[in-house]
Amino acid sequence: MRSLIEMNSMLSAADLAAIVVTLKLATITTIILLLVGLPIAWWLANTRVRAKPLVEAIVALPLVLPPTVLGFYLLLAFAPDSPVGQLWQYLGGEQLAFSFSALVIGSVIYSLPFAVQPLQASFEQLPKSLLEAAATMGANGRDQFFSIILPLSRRGIIGAASLGFAHTVGEFGVILMIGGNIPGETQVLSIALYDRVETLQYSSAHWMAGGLIVFSLLLLGFIYRFNKTASLYPAGRVRS
Amino acid sequence: MSLQLDVDLQRDDFQLQLTGTLPSDGVTAIYGPSGAGKTTLLRWIAGLEKSAAGELRFRDEVWQDHQRFIPTHQRQIAYVFQDARLFPHLNVEGNLAYAYQRRFNQQGPSPTQVGDWLGITALLAHFPGQLSSGQQQRVAIARALLSSPKILLMDEPLGSLDKPAGQKILHHLQALRQHINIPVLYVSHDIEELSRIAQHLLILEQGRMIEQGALMDLCSRLELSLSHEENAASVISASILNHDTHYGLSELAIDSSHRLFLAASPGEINDNIRLRIPARDVSIALSASTDSSILNILPCTIDSIEQTGESRILVRLKLEQQFLLARLTKKSADKLQLAVGQRVYAQIKTAALLNEGSPHE
């Protein structure tokens with residue numbers, strides 16, 4: 001209790017709001033990343049289309065581009081008079097620019113390679129022979145997906161979710177460009193930290209920076225530990 | 001009641017092309033050298049290999065024709081692959097349950113029964129990676145049976161096993177016939193293995209069907225390459241007349257005028273059994289020698305003679321209905337002046353029992 005009160009004195013209400021916004025953004029982004037990433041990764045792992053390298057390159061773009069480049073184009077796209085902004089408002093949304101929804105869209109695009117690549121890798125390793133075996137036992141495509149593909153790709157899915165989550169928490173550039181800095185709405189931890197440093201609130205900045213380091217270490221530690229020990233195949237051997 | 005096929009399937013530089021009707025009961029063997037297209041044919045029947053053109057009918061169901069293609073999961077088949085293909089994330093029990101939950105016929109055998117038949121009850125908690133390849137294959141066979149399929153397709157199920165493990169599975173397969181009666185298509189390049197379990201044989205070479213018919217008939221046909229192989233043998237059916245406990249022999253009747261003695265066989269009196277008599281272990285004499293150590297000397301008629309190599313000939317000998325093969329040197333054949341229609345005596349050095357006797361062969 002004492003430490004919580006202490007923390008309360010160290011973190012202002014605005015700081016706590018930033019934590020809540022960050023966790024909310026990362027959670028929603030991760031869920032959407034999995035929903036969007038699964039089909040893209042499955043398609044990439046199985047397609048023989050010649051355009052596959054192009055699609056792979058587009059998905060991987062956020063890995064190499066400065067976040068500000070992506071942020072710049074998203075900012076243009078989200079403007080109220082742009083086609084995307086217009087469509088969003090037509091579909092019943094509020095103004096897209098500087099909204100939480102804009103942050104989610106930006107985060108999903110920015111973190112897409114972190115979700116797609118581990119998924120694609122585990123789908124590529126999945127022995128297709130097992131799917132044939134399942135088909136001979138009467139399992140249709142949907143059944144095969146839930147009974148064979150998902151459990152055998154567990155490692156890739158958890159990796160994709162963790163990396164997507166962690167990467168969203170660590171985002172800065174894109175959000176700075178498209179999110180504005182509205183406390184309690186679009187102000188995430190990384191931006192709040194920047195804000196505190198700018199205004200010389202070093203104590204608050206220390207708490208945030210230190211907290212982010214500990215959180216990231218824990219999350220990455222979990223991912224690596226899981227990757228190492230996850231005994232998908234208890235005797236460690238897949239015959240394909 | 002049959003499996004009608006008409007397939008034309010092109011893969012790179014290989015073409016599988018055949019038309020035929022296979023029986024849809026008992027065990028039908030698909031035999032041929034490697035690269036003949038046996039596996040491709042079986043996969044096509046399962047719907048795992050697609051051909052643009054082709055027709056496939058199982059009993060009164062169309063599985064493929066010019067406008068329909070029934071996908072694998074709707075054909076109500078079961079398939080035993082050469083590699084067992086057990087699901088690595090499920091233990092043995094889970095693998096069996098996977099098939100059982102999706103079984104095609106509610107009347108089918110239960111996991112307990114099937115586990116018993118194949119001797120895998122002690123393995124239920126193990127994961128596939130912890131099993132030997134022989135155990136994996138037995139689990140795969142059990143899993144296939146639990147689907148209660150209309151037809152069981154087996155692709156060289158012993159192909160990746162060592163000899164003892166293979167023999168063990170073969171025993172299980174032979175014993176299975178007491179429990180369930182589903183048609184089986186069985187691919188193998190080992191005619192000895194097929195002689196044990198198959199009644200019907202389809203011979204495939206370079207994607208074409210050479211011949212099909214009763215296995216016992218085809219084995220002794222001189223024009224087929226089957227009889228020219230190093231381990232060529234005739235397959236004969238006989239019934240057990242009596243057991244001679246003094247000498248440890250069983251007396252068998254091949255037909256009304258031919259008797260054979262064999263090291264005590266496990267069957268009951270009157271059981272039908274199947275014997276395999278290698279061509280190289282049969283020699284020919286012009287008279288019934290009484291001063292020979294060879295126990296089994298059968299009078300027969302030369303049905304046909306074929307030269308199979310520079311120095312060797314193959315002789316087909318007729319008993320009453322069944323045939324024996326004898327492989328001789330050309331020199332001895334010339335010395336005896338063998339000719340078609342001649343009455344001779346076949347001296348049989350070895351005969352191997354192929355099954356443990358069943359009343360309904």
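Since we're looking at a predicted model, the values are computed, not measured.

1. Notes on the overall build of chain B
Reasoning step 1: Of regular secondary structure, chain B possesses eight helices and 20 strands.
Reasoning step 2: Its C-alpha atoms give chain B principal-axis dimensions of roughly 65 × 50 × 35 Å.
Reasoning step 3: For chain B, contacts bridging at least 24 residues in sequence account for 66% of all contacts bridging at least 6.

2. Regarding the overall build of chain A
Reasoning step 1: The helix and strand inventory of chain A stands at 12 helices and zero strands.
Reasoning step 2: Reading the helices (α) and strands (β) of chain A from amino to carboxyl end gives α-α-α-α-α-α-α-α-α-α-α-α.
Reasoning step 3: Projected onto its principal axes, the C-alpha coordinates of chain A cover approximately 65 × 50 × 30 Å.
Reasoning step 4: With 240 residues in all, chain A has 32% of them scored as buried.
Reasoning step 5: The contacts in chain A between residues at least 6 apart in sequence include a share of 76% that link residues at least 24 apart.

3. Comments concerning the pairing of strand β13 (residues 258–263) of chain B
Each regular strand shows side chains that alternate between the opposite faces of the sheet.
All names here are of chain B.
Reasoning step 1: Sheet analysis places strand β12 (residues 249–255) next to β13, joined by six bridges and oriented antiparallel. Its bridge partner being in β13, Ala253 is matched across the sheet by Arg259.
Reasoning step 2: The antiparallel hairpin formed by β12 and β13 contains two residues in its connecting segment.

4. What to know about the packing of helix α6 (residues 100–125) of chain A against helix α9 (residues 154–169) of chain A
To describe two helices that pack against each other, one gives the angle between their axes and the distance between the axes.
All names here are of chain A.
Reasoning step 1: The geometry of α6 relative to α9 is characterised by a closest axis approach of 8 Å and an angle of 160 degrees between their N-to-C directions. In this view, α6 runs roughly antiparallel relative to α9, as classed from their interaxial angle. In this structure, α6 meets α9 at a crossing whose hand is right-handed. Of the residues in α9, those touching α6 at Ser107, Ser111, Phe114, Ala115, Pro118, Leu119, Ala121 and Ser122 are Arg155, Gly156, Ile157, Gly159, Ala160, Leu163, Gly164, His167 and Thr168.
Reasoning step 2: Broken down by class, the residue content of the contact of α6 with α9 amounts to eight nonpolar, eight polar and one charged.

5. Here we look at the environment of Leu295(B)
Reasoning step 1: Assignment of secondary structure puts Leu295(B) in the loop between β15 (282–285) and β16 (296–307).
Reasoning step 2: Measuring from C-alpha to C-alpha, the distance between Leu295(B) and Gln347(B) comes to 8.0 Å, with 52 residues separating the pair along the chain.

6. Remarks on the packing of helix α2 (residues 13–46) of chain A against α9(A)
Residue and element names in this part refer to chain A.
Reasoning step 1: Interaxial distance between α2 and α9 falls to 8 Å at its minimum, and their mutual angle equals 140 degrees. Our classification of the angle between α2 and α9 gives oblique. Note that α2 runs across α9; the crossing there is right-handed. Facing α2, whose interface residues are Thr22, Leu25, Ala26, Thr29, Thr30, Leu33, Leu34 and Gly37, α9 presents Ala160, Ala161, Gly164, Phe165, Thr168 and Val169.

7. A look at the nonpolar core
Reasoning step 1: Within the largest apolar cluster, 107 residues are counted, with the highest numbers of intra-cluster contacts made by Ala29(B), Ile30(B), Leu153(B), Tyr186(B) and Ala326(B).
Reasoning step 2: Element by element, the count of residues in this core is highest for helix α4 (residues 133–146) of chain B, at seven residues.
Reasoning step 3: Built from parts of two domains, this core gets at least three residues from each of domain 1 (2–219) and domain 2 (233–353) of chain B.
Reasoning step 4: Those residues in contact with Tyr186(B), other than ones at most four positions away along the chain, are Val27(B), Thr28(B), Ala29(B), Ile30(B), Met154(B), Leu194(B), Ile197(B) and Ala198(B).
Reasoning step 5: Within the second largest apolar cluster, 38 residues are counted, among which are Val21(A), Leu44(A), Ala160(A) and Leu189(A).

8. A closer look at the domain arrangement of chain B
Residues and elements named next belong to chain B.
Reasoning step 1: Assigned domains of chain B: these are domain 1 (2–219) and domain 2 (233–353).
Reasoning step 2: Taken over C-alpha atoms, the centre of domain 1 sits 34 Å from the centre of domain 2.
Reasoning step 3: The interface of domain 1 with domain 2 comprises five residues on the first partner and five residues on the second.
Reasoning step 4: Contributing elements (two or more residues each) for the side of domain 1 that touches domain 2: α6 (191–197) and α7 (215–219).

9. Brief notes about the interface of chain B and chain A
Reports of interface size often rely on the accessible area that becomes lost once the parts have come together.
Reasoning step 1: The partner chain A presents 21 residues to the 22 residues of chain B that form the contact.
Reasoning step 2: Elements that contribute at least two residues to the side of chain B that touches chain A include exactly β6 (77–80) and α2 (92–101) of chain B.
Reasoning step 3: No other element matches the three residues that β6(B) contributes to the side of chain B that touches chain A.
Reasoning step 4: Split by residue class, the side of chain B that touches chain A holds 13 nonpolar, six polar and three charged.

10. Focus on the sheet that holds β13(B)
Reasoning step 1: Read from one edge of the open sheet, five strands run β13-β12-β11-β14-β20 (chain B), paired in antiparallel fashion. Both edges of this open sheet fall to β13 and β20 (352–353) of chain B, since each of them pairs with a single strand only.

11. Concerning the environment of Thr350(B)
Residue and element names in this part refer to chain B.
Reasoning step 1: Within the secondary structure, Thr350 is located in the loop between β19 (343–348) and β20.
Reasoning step 2: C-alpha of Thr350 to C-alpha of Gln76: the two residues are 274 residues apart in sequence and 43 Å apart in space.
Reasoning step 3: Those residues in contact with Thr350 that sit more than four places away from it in its chain are Pro278 and Asp281.

12. Details of the pairing of strand β2 (residues 14–23) of chain B
All names here are of chain B.
Reasoning step 1: Where strand β1 (residues 2–11) and β2 come together, 10 bridges link them in antiparallel fashion. Of the residues in β2, the one forming a bridge with Leu3 is Leu22.
Reasoning step 2: Hairpin remark: β1 followed by β2, antiparallel, with two residues in the connecting loop; positive phi at Asp12, about 50 degrees.

13. A look at the confidence of the model for chain B
Any region with low pLDDT has predicted coordinates that should not be read closely.
Reasoning step 1: Looking at chain B, the pLDDT average stands at 91 and 98% of residues meet or exceed 70.
Reasoning step 2: For this predicted complex, the interface score ipTM comes out at 0.87, while the overall pTM is 0.84.

14. Some details on the sheet that holds strand β8 (residues 184–188) of chain B
Residue and element names in this part refer to chain B.
Reasoning step 1: Taken in spatial order, the six strands make up an open sheet running β6-β7-β8-β3-β9-β10, and their pairing is mixed. Only two strands of the sheet have a single neighbouring strand rather than two, namely β6 and β10 (208–214). Across this sheet, the average inter-strand angle for adjacent strands is 15 degrees, counted without regard to direction.
Reasoning step 2: Bridge count between strand β3 (residues 27–31) and β8: five bridges; the pairing is parallel. Of the residues in β8, the one forming a bridge with Ala29 is Tyr186.
Reasoning step 3: Lying over the sheet, α4 contacts β6 and β7 (151–155), oriented at roughly 175 degrees with respect to β6.

15. A word on helix α3 (residues 52–64) of chain A
Reasoning step 1: For α3(A), spanning 13 residues, the distance from its first C-alpha to its last is 19 Å, which sits close to the expected 18 Å at 1.5 Å a residue.
Reasoning step 2: Of all the bends in α3(A), the largest measures some 35 degrees and sits at Ile58(A), one to four residues before the proline Pro62(A).

16. A short note on the confidence of the model for chain A
Residue and element names in this part refer to chain A.
Reasoning step 1: When pLDDT is averaged along chain A, the result is 85, and 90% of the positions lie at 70 or above.
Reasoning step 2: Highest mean pLDDT in chain A belongs to helix α7 (residues 128–136) (96); lowest belongs to helix α1 (residues 2–10) (52).
Reasoning step 3: With pLDDT under 50 throughout, residues 231–240 is counted as low confidence; its partners more than four residues away or in other chains account for 22 contacts.

Calculation criteria
- Residues numbered from 1 in each chain as written.
- Chains lettered and ligands numbered in written order.
- Predicted model: local features only at pLDDT ≥ 70, side-chain atom pairs only at ≥ 80, totals over all residues.
- Helix = DSSP H or I, 4+ residues; strand = E, 2+ residues; numbered from the N terminus.
- Contact = placed C-beta atoms within 7 Å.
- Buried ≥ 20, exposed ≤ 12 C-beta atoms within 10 Å, placed from the backbone.
- Pairing = 2+ DSSP bridges.
- Axes fitted to C-alpha atoms, helices over the stretch in contact; angles between N-to-C directions.
- Parallel < 35°, antiparallel > 145°, perpendicular 65-115°, else oblique.
- Left-handed = near helix turned anticlockwise from the far one by under 90°.
- Nonpolar A, V, L, I, M, F, W, Y, C, P; charged D, E, K, R; others polar.
- Core = buried A, V, L, I, M, F, W, Y, C linked by C-beta atoms within 7 Å.
- Domains from an automatic or database assignment.
- pLDDT = per-residue confidence, 0-100.
- Expected span 1.5 Å × (residues − 1).
- Bend = angle between axes of the 7 residues up to and from the residue.

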